[in-house]
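Spelled out, the chains give:
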Protein chains: 2
Amino acid sequence: MDESRPTPATPPAVLADHAERMEKLLDRLLSPQTLCDEIARPERLRAAMAHGLLGGGKRLRPFLVEQSAALFHANTDAVLRVGAALECVHCYSLIHDDLPAMDDDDLRRGRPTVHRAFDEATAILAGDALLTLAFDIVSSDETDLPPTRKLALVAGLSRAAGIGGMVGGQMRDLEAEKTDRPLAIRDIEMLQSMKTGALLRYACEAGAIAAGASGDERARLRRFGEIVGLSFQLADDLLDLTSDTATTGKATGKDAAANKATLPSLHGIDWTTARLRDLVVEATDLLDPFGSKADILVQTARYIAFRDR
Amino acid sequence: MDESRPTPATPPAVLADHAERMEKLLDRLLSPQTLCDEIARPERLRAAMAHGLLGGGKRLRPFLVEQSAALFHANTDAVLRVGAALECVHCYSLIHDDLPAMDDDDLRRGRPTVHRAFDEATAILAGDALLTLAFDIVSSDETDLPPTRKLALVAGLSRAAGIGGMVGGQMRDLEAEKTDRPLAIRDIEMLQSMKTGALLRYACEAGAIAAGASGDERARLRRFGEIVGLSFQLADDLLDLTSDTATTGKATGKDAAANKATLPSLHGIDWTTARLRDLVVEATDLLDPFGSKADILVQTARYIAFRDR
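Per chain, residue numbering runs from 1 following the sequence as it is written. Lettering of chains starts at A and numbering of ligands starts at 1, both following the order in which they are written. Where totals are concerned, whole chains, interfaces and linings use all residues; where local detail is concerned, this predicted model gives features only for residues with pLDDT of at least 70, and gives and counts side-chain atom pairs only at 80 or more. Each side-chain value is worked out from all heavy atoms of the structure, with water and hydrogens disregarded.

Chemist: Any details on the interface of chain A and chain B? Residues and values, ideally.
Modeler: Listed by partner, the interface residues are 51 residues for chain A and 51 residues for chain B. Joining two parts hides part of their accessible area as seen by a 1.4 Å probe, and the buried area is that hidden amount summed over both. Both faces combined, the contact of chain A with chain B buries some 4,300 Å², and carbon together with sulfur accounts for 74% of it. A carboxyl oxygen of Asp or Glu within 4 Å of a side-chain nitrogen of Lys or Arg is what we treat as a salt bridge. Across the contact surface, chain A and chain B share four salt bridges. Asp 136 of chain A is the partner of Arg 159 of chain B in a salt bridge, and the nearest nitrogen-oxygen pair spans 2.7 Å. Polar contact is defined as a pair of N or O atoms within 3.5 Å, subject to the rule that within protein one atom must be able to donate a hydrogen and the other to accept it, and that residues adjacent in sequence are counted only when both atoms are side-chain atoms. For the pair chain A and chain B, the number of links is six residue pairs in polar contact (both at pLDDT 80 or more). Contributions of two or more residues to the side of chain A that touches chain B are made by helix H3 (43-53), helix H5 (77-97), helix H7 (120-139), helix H8 (147-161), helix H9 (166-178) and helix H10 (185-195) of chain A. Throughout, a residue-residue contact means that at least one pair of heavy atoms, one from each residue, lies within 4.5 Å. Helical segments are the DSSP runs of H or I of at least four residues, strand segments are the runs of E of at least two, and each set is numbered from the N terminus.

Structure below.
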């Protein structure tokens, strides 16, 4: 094996199976029958929410919730619903990020973004409604978990998604785009740990919370999720630097074109590859106490770090 | 007393006192020390949230939470925090409603709207962050209520604010503005019961939930809140039809100018006045079992129905 360029890792076989089950659940959660009273329901808003939530994505965050909970033998409908709530938050953030006032994107996963398929006002409200729905799903009677766990999940989700987490990270990203001088390395790290890191960190912690894990186990999963978040972003930025569009299926070199400093562009490819190796080692060590039960999570961490698209 | 035109009602004396306490709490919740970790916090986003949340308003929704809880002798910091969460949701909805893609308003309470004082992207994120913060406040350890009550409060808030409630009502309002034919009366009623009604209804129910009231009492407060919502909107539309700007302190005749059908414009002034009287009678009867403890809520219902601005 070439020491400097690891073999691209493959995703766990169960990832695709999970994505399929998640898609079905999300579809059901947004079905006209489930969502809200027929007389009250504005169908156009429901359709816009569905456009932004359904039809794509690896569903990585809910997968991490499920696999983290599985360490504690908790693998229930309730865990799947918690993952679905997290996916609602992730997708609402994409809808709002794509808006003309933000990134002004026309396409997402090869389809028109919500404000292009519908209109701007509808996209804003669809995002708002998905964020709100996430808390509905977690707190609902149908999510069959003890009240204290549901409450811890609500508290954790609101922290991960709020000003100290995802939304704050998006704000920092917007501000960074407006300044002329490139960000310092510590500012890039902080931005990323908030914008993409907070939800990935929470995904792993949420699995532990839903399973009723101890505080120590919860902290361990939280750190694992943090490492996943760091690897995810490093690998993304590395792919942008090194791959061609034919491999990744999306535009590459975007960061350089936008004059956007990333850790790989500042530190170089070798540093990044070594850092990713270190992160995967730390992730593996963290889950060592769980033995073979953690095999899928360890494989997921490897995949996220060394994926080729 | 003139039978057709009731004397304008005055607000309960304690409303202003409550608004002052609420302002202090909201200010504290958004203070740099409380909101999130200093290293993480994007100050511009915090400032935009504060601009949209602080400095004005009667704080009617949190007042209803507090007074409803007071029926059950629950009058604690926790109840005030639940009201603060509701006010965060109310103010986020105003920030997003004011956006160029929606109502495109430059002024709110005599000050520039958030997207005018900051920019559009910041306003979108400030709204998102306030909505998220609401769930943080309710589920936080500092909100000292039993877990089952907090969970019921989260569930109720997400329902009231979601597609079957406030956001759905806003969507209906947008759609109504786009159609040429005026709405049918039942569609106007549905729109209003969602857009403004859902949060007012929930405010009263939330007080009962926070106080650990029985299911029957909770339903009674919910209906009371529904009546408050109906009266609030009827009185608003009536003032738009009959008052002049000098009295209300805001532009009147806006609905007619916008060719917007309201119940007072369709049914007439006498019908509206009679309907408001009936609603106040029903509200008063509903709270009869609580005796003099309900005096302030009854006075609030009268004030909302017969205010002159």
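Chemist: Give me the nonpolar core: which residues, what numbers.
Modeler: As used here, the term nonpolar core means buried Ala, Val, Leu, Ile, Met, Phe, Trp, Tyr and Cys residues forming a set that is joined through side-chain atoms within 4.5 Å. To sort residues, take the accessible area from a 1.4 Å probe on protein chains only and compare it with the maximum for the residue type: under 20% means buried, over 50% means exposed, and anything in between is partly exposed. Residues Met 49 of chain A together with Met 49 of chain B are the most contacted members of the largest nonpolar core, which totals 197 residues. For Met 49 of chain A, the contacting residues outside a window of four places in its chain are Leu 30, Leu 35, Ala 126, Ala 129, Leu 130 and Leu 133 of chain A together with Ile 163 of chain B.

Chemist: If you had to explain the relation of the copies chain A and chain B to someone new, which residues and values would you point to?
Modeler: Placing chain A over chain B gives an RMSD of 0.0 Å and needs a rotation angle of 180°, together with 0.0 Å of translation along the axis. On the angle and the small slide along the axis, the relation comes out as a two-fold axis. To superpose the copies, least squares is applied to the C-alpha atoms of every residue with a pLDDT of at least 70 in both.

Chemist: Could you give an account of the pattern of salt bridges, with specific residues and numbers?
Modeler: Residues and elements named next belong to chain A. Under the counting rule described, the total for this entry stands at 34 salt bridges over all chains. Taking the shortest distance from any N to any O, the salt bridge between Arg 59 and Glu 23 comes out at 2.7 Å. Taken together, the residues span a long stretch of sequence, with Arg 59 in the loop between H3 and helix H4 (60-70) and Glu 23 in helix H1 (residues 14-29) at a distance of 36 residues. We note a salt bridge from Arg 108 to Asp 98, for which the minimum N-O separation is 2.8 Å. With Arg 108 in strand S1 (residues 107-108) and Asp 98 in the loop between H5 and S1, this pair connects stretches of sequence that are 10 residues apart. Salt bridges sharing common partners tie together Asp 17, Arg 21 and Glu 66.

Chemist: Can you lay out the packing of H3 of chain A against H7 of chain A for me, pointing to particular residues and giving the numbers?
Modeler: Residues and elements named next belong to chain A. Helix axes are fitted only over the stretch in contact, all axes being lines through C-alpha atoms; the angle between N-to-C directions runs from 0 to 180 degrees. Packing of H3 against H7 brings their axes to within 9 Å, and their N-to-C directions diverge by 75°. Regarding the angle of H3 to H7, the classification is roughly perpendicular. Contacts between H3 and H7 involve Arg 44, Leu 45, Ala 48, Met 49 and Leu 53 from the former and Thr 122, Leu 125, Ala 126, Ala 129, Leu 130 and Leu 133 from the latter. Taken together, the residues that form the contact of H3 with H7 break down as nine nonpolar, one polar and one charged. Angles are sorted into four bins: roughly parallel if under 35 degrees, roughly antiparallel if over 145, roughly perpendicular if 65 to 115, and oblique for all others. In this count, Pro and Cys sit with the nonpolar residues alongside Ala, Val, Leu, Ile, Met, Phe, Trp and Tyr, while Asp, Glu, Lys and Arg are called charged and the others, Gly among them, polar.

Chemist: Now, about the environment of Asp 104 of chain B: what can you tell me, with residues and values included?
Modeler: Residues and elements named next belong to chain B. Secondary-structure assignment places Asp 104 in the loop between helix H5 (77-97) and strand S1 (107-108). By relative accessible area, Asp 104 is classed as partly exposed at 45%. Separated by 12 residues in the primary sequence, Asp 104 and Arg 116 have C-alpha atoms spaced 9.9 Å apart. Excluding residues that lie within four positions of it along the chain, Asp 104 makes contacts with Asp 97, Asp 98, Leu 99 and His 115.

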